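Take a look at the letters that make up each chain.
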Amino acid sequence: MRQVGIIPPKPNTLNRIFGLPKPIIAVVHLPPLPGSPRYEGEDVREAYTVAARDAEVLARGGVDGIILENAFDLPYARPEAISFETVASLTAACISAQRVTSIPIGIMCVANGVLAGLAIAKAVGGRWIRANQWTHAYVAPEGLINGPAGEALRYRSFLRASGEIAVFADVQVKFGAHAITADRSIEEQARDAEFLDADALIVTGTRTGVAPTAEDVRKVKDSSSLPVMVGSGLDPNTTHDLLSIADGAIVGSWLKRDGYWWNPVDEERVGALMAAVRELRTELSTVPAASGSGGLEDGAT
């Protein structure tokens, strides 16, 4: 049974952006961008070609949205150290992807570059940004990362983008050490993210490609009126168990050749995943709305 009464309910942002149940957002992992340690002076247009190529294959395979990420800028800069060249390059990559597909796009500027992501999204018409940490703090590989909610929402308001760009916020994000908030359960952290006005919640496993437990997805789902997404580890074998609970998913590694996130998108894998998703959607379309199937009938939840 979902808990309510944290803040006034808002319309379901997944329904608003995608208009269908259980949307699948695929990740475009960009190669090293200028300014990052692995960038060796290559023509930056090669990265834009990768963005367009993967976006086109993903859209053709039937995904519902894409999120572009400066994934190979390893090791990632702390939020306050993300610089102009990263923002400029990621913006250009988004524009390249938009030239080949009209499906909605989102931005993930790592590590936790929420303000940078908002600026990029405003510039390119992105519909959401992903915040790995939205409330409190955690110990990331980059060090202590503070939740930027207050500053970020003021910046979004400054951009006149409050009704335009949604915030998809992780709850106990992968790769993080969450000892700082260990006295607050995953349920309470989900409620905290909703209270600080996130628009959707994300549940991940411990690292890239590792699925969360169905129990954790259920705990977050039952603790908030916001839509909940699986943020890692979804594949055709886990689709039914996880998406029967969650409202959608962000998928990266499994859609790539051989399942490695640094490889190009594999169109056959995209097709296999989306076939499993369509099968689940068909199954759930026959379930009465009161069952909490997470479809369009859920209204403001």
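Higher on the page you've got the structure.
Keep in mind the model is a prediction, meaning the values are calculated, not measured.

Parameters at a glance
Counting starts from 1 at the beginning of each chain's written sequence and moves along it residue by residue. In keeping with the model being predicted, local features are shown solely for residues with a pLDDT of at least 70 and side-chain atom pairs are shown and tallied solely at 80 or more, while totals for entire chains, interfaces and linings include all residues. Just so you know, side-chain values use all the structure's heavy atoms and leave hydrogens and water out. Burial status follows relative accessibility: with a 1.4 Å probe on protein chains alone, a residue under 20% of its type maximum counts as buried, one over 50% as exposed, and anything between as partly exposed. For helices the rule is a DSSP run of H or I covering at least 4 residues; for strands it is a run of E covering at least 2, with both sets numbered from the N terminus onward. Should DSSP find at least two bridges between two strands, the strands are regarded as paired. Whether two residues are in contact is decided by their heavy atoms: any pair within 4.5 Å suffices. Only the stretch in contact is used when a helix axis is fitted, and all axes are lines through C-alpha atoms; the angle between N-to-C directions ranges over 0 to 180 degrees. By definition here, a salt bridge exists when the distance from a side-chain nitrogen of Lys or Arg to a carboxyl oxygen of Asp or Glu is within 4 Å.

This next bit is on the pairing of strand β8 (residues 200-203). Alternating residues of β8 divide into A200 and I202 and L201 and V203, and every residue in both groups is buried. With three bridges joining them, strand β7 (residues 166-170) and β8 adopt parallel strand pairing. Within the sheet, the bridge partner assigned to A169 lies in β8 and is L201. When β8 meets strand β9 (residues 228-230), the two strands line up parallel, connected through three bridges. Across the sheet, V203 pairs through a bridge with V230, a residue of β9.

Another aspect to go through is the side chain of D54. Tracing the chain through its elements places D54 in helix α2 (residues 45-61). What makes D54 buried here is its relative accessible area of 2%. Excluding anything up to four places from it in sequence, D54 contacts V28, K256, P264 and V265.

Attention now goes to the sheet that holds strand β4 (residues 128-131). Pairing within the closed barrel is parallel, and its eight strands lie in the order β1-β2-β3-β4-β7-β8-β9-β10. With strand direction ignored, the average angle separating the axes of adjacent strands in the sheet is 25°. As judged from the four bridges shared by strand β2 (residues 65-69) and strand β3 (residues 105-108), these two strands associate in the parallel manner. In the strand pairing of β3, L68 is matched with I107. The strands touched by α2 are β1 (24-29) and β2; relative to β1, the strand with the most contacts, the crossing angle is about 155°.

Attention now goes to the pattern of salt bridges. Applying the stated rule across the entire model yields 15 salt bridges. In this structure, the salt-bridge partner of E164 is K122, at a minimum N-O distance of 2.9 Å. Of the two residues, E164 sits in the loop between α5 (149-158) and β7 while K122 sits in helix α4 (residues 114-124), which places them 42 residues apart along the sequence. When the shortest N-O distance is used, the salt bridge between R130 and D170 registers 2.9 Å. Taken together, the positions of R130 in strand β4 and D170 in strand β7 put the pair 40 residues apart, joining distant regions of the chain. With respect to burial, R130 and D170 carry one shared label: buried. Look at the salt bridges and you will find they share partners, linking K10, R156, D197 and D199 into a network.

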